[in-house]
Amino acid sequence: MAFLVAPFAGLVLFGGVLADRFTARRMMIVADLANLAAHILLALLFLHGIDHLWQLYALLVVAGTANALFQPGASSTVPLVSRDVQGANEVLRTSAAITGLGGPALAGVLVGFGSTGRVMVISAVAYGASAVCLYVLRLGTVPAPPPGESLWRNLAVGWREFRARSWLWGVIVIWMFSAVLSWGPQQSVAAGVIVPEHGARPSA
């Protein structure tokens, strides 16, 4: 979990700056392709057996970094594809909530009847489909960044804007505490209860 979440938390600001410089769609496609490759390799690891844990950790770092590149672009793309930004955000948040609840349950069923490797294949296909959809997406005019500004200057400006919005970093701090105090213990305790009772395979 740490190898997946830490790169996202540490690099998401870089993702926003890169999206401004190279357009959000390009960064999102790159992120999807990186996740596609990572999940294909994860599928191979789970199907053939994990000989060294560092291989799993390295692929989780790739996935976390890709998520950091994708997320800022996803937020900035909404106004370019929808006139009703509020309505579009409502659809996105509702969809995220539904898939956040139903996705793990569906993955558990698929793992129970198949294998973790096959679930990783399905995930890889989803990332590939996302990249294709983004490639064919018709967007409005994307404003270019001011000329002559360096990446580090853009990063510093982004950091100041982030700090100036207390509601934004407040939500992130709450999310971090929730991940550490709720999500982390829940996953490990659940595995500690399920594995001795049912074996390692159903909880993989």
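Our subject in this report is the structure included herewith.

The rules behind the values
- Residues numbered from 1 in each chain as written.
- Predicted model: local features only at pLDDT ≥ 70, side-chain atom pairs only at ≥ 80, totals over all residues.
- Heavy atoms only, no water.
- Helix = DSSP H or I, 4+ residues; strand = E, 2+ residues; numbered from the N terminus.
- Buried < 20%, exposed > 50% of the residue type's maximum accessible area, 1.4 Å probe, protein only.
- Contact = heavy atoms within 4.5 Å.
- Areas by Shrake-Rupley, 256 points an atom, 1.4 Å probe, with all protein chains shown as cover.
- Lys, Arg positive; Asp, Glu negative; His and termini not counted.
- Charge placed at Lys NZ, Arg CZ, Asp CG, Glu CD.
- Core = buried A, V, L, I, M, F, W, Y, C linked by side-chain atoms within 4.5 Å.
- Phe/Tyr/Trp six-rings, centres within 6.5 Å; stacked < 30°, edge-to-face > 60°.
- Expected span 1.5 Å × (residues − 1).
- Patch = residues over 30% accessible without salt bridge, like charges linked within 9 Å, V, L, I, M, F, W, Y side chains within 5 Å.
- Salt bridge = Lys/Arg side-chain N within 4 Å of Asp/Glu carboxyl O.

1. Brief notes about the overall build of the protein
Helix and strand content of the protein: seven helices and zero strands. Seen in sequence order, the protein has helices and strands lined up from the N terminus as α-α-α-α-α-α-α. Over its C-alpha atoms, taken along the principal directions, the protein stretches across nearly 60 × 35 × 35 Å. Across the 204 residues that make up the protein, the buried fraction comes to 25%. Long-range contacts, defined as pairs at least 24 residues apart, comprise 81% of the intrachain contacts of the protein with a sequence gap of at least 6. A total accessible area of about 13500 Å² is found for the protein, and carbon and sulfur atoms account for 69% of it. In the protein, 12 positive and 8 negative side-chain charges are present, and the distance between their average locations comes to 7 Å.

2. Quick notes on the nonpolar core
The tendency in soluble globular proteins is for nonpolar side chains to be buried side by side. Counting residues in each nonpolar core, the largest one holds 10 residues, listed as Leu18, Ala19, Ala24, Met27, Met28, Ile29, Ala31, Ala66, Leu69 and Leu134. Mapped by element, the contributors of at least two residues to this core are α1 (2-22), α2 (24-48) and α3 (53-81). Broken down by element, this core gets its largest block of residues, five residues, from α2. The residues contacting leucine 18, other than those within four sequence positions of it, are Thr23, Met27, Leu69 and Leu151. In terms of nonpolar packing, the next biggest core, distinct from the first, is built from seven residues, Ala43, Leu56, Leu59 and Leu60 among them.

3. Here's the deal with the packing of aromatic side chains
The full count for this structure, using the stated rule, is one aromatic pair. Ring centres of phenylalanine 3 and tyrosine 57 lie 4.4 Å apart, and the angle between their planes is 10°; this geometry places the pair in the stacked category. Here phenylalanine 3 is found in helix α1, whereas its partner tyrosine 57 is found in helix α3, with 54 residues between them in sequence. By relative accessible area, phenylalanine 3 is classed as partly exposed at 40%.

4. Comments concerning α1
For α1, with 21 residues, the first-to-last C-alpha span of 28 Å sits near the 30 Å given by 1.5 Å per residue. Buried residues along α1 sit in contact with α2, α3, α6 (151-164) and α7 (166-198). Threonine 23 occupies a position one or two residues after α1 and carries a positive phi of about 75°.

5. Remarks on helix α5 (residues 116-136)
End to end, α5 covers 31 Å across 21 residues, agreeing with the expected 30 Å (1.5 Å per residue, within 8%). The set of residues buried in α5 consists of Thr116, Gly117, Val119, Met120, Ser123, Ala124, Gly128, Ala131 and Leu134. Where the residues of α5 are buried, they touch α2, α3 and α4 (85-113).

6. Quick look at a nonpolar patch on the surface
Together, Phe3, Phe46, Ile50, Leu53 and Tyr57 give the surface a local cluster of nonpolar side chains, amounting to about 420 Å² of exposed area. Structurally, phenylalanine 46 is set in helix α2.

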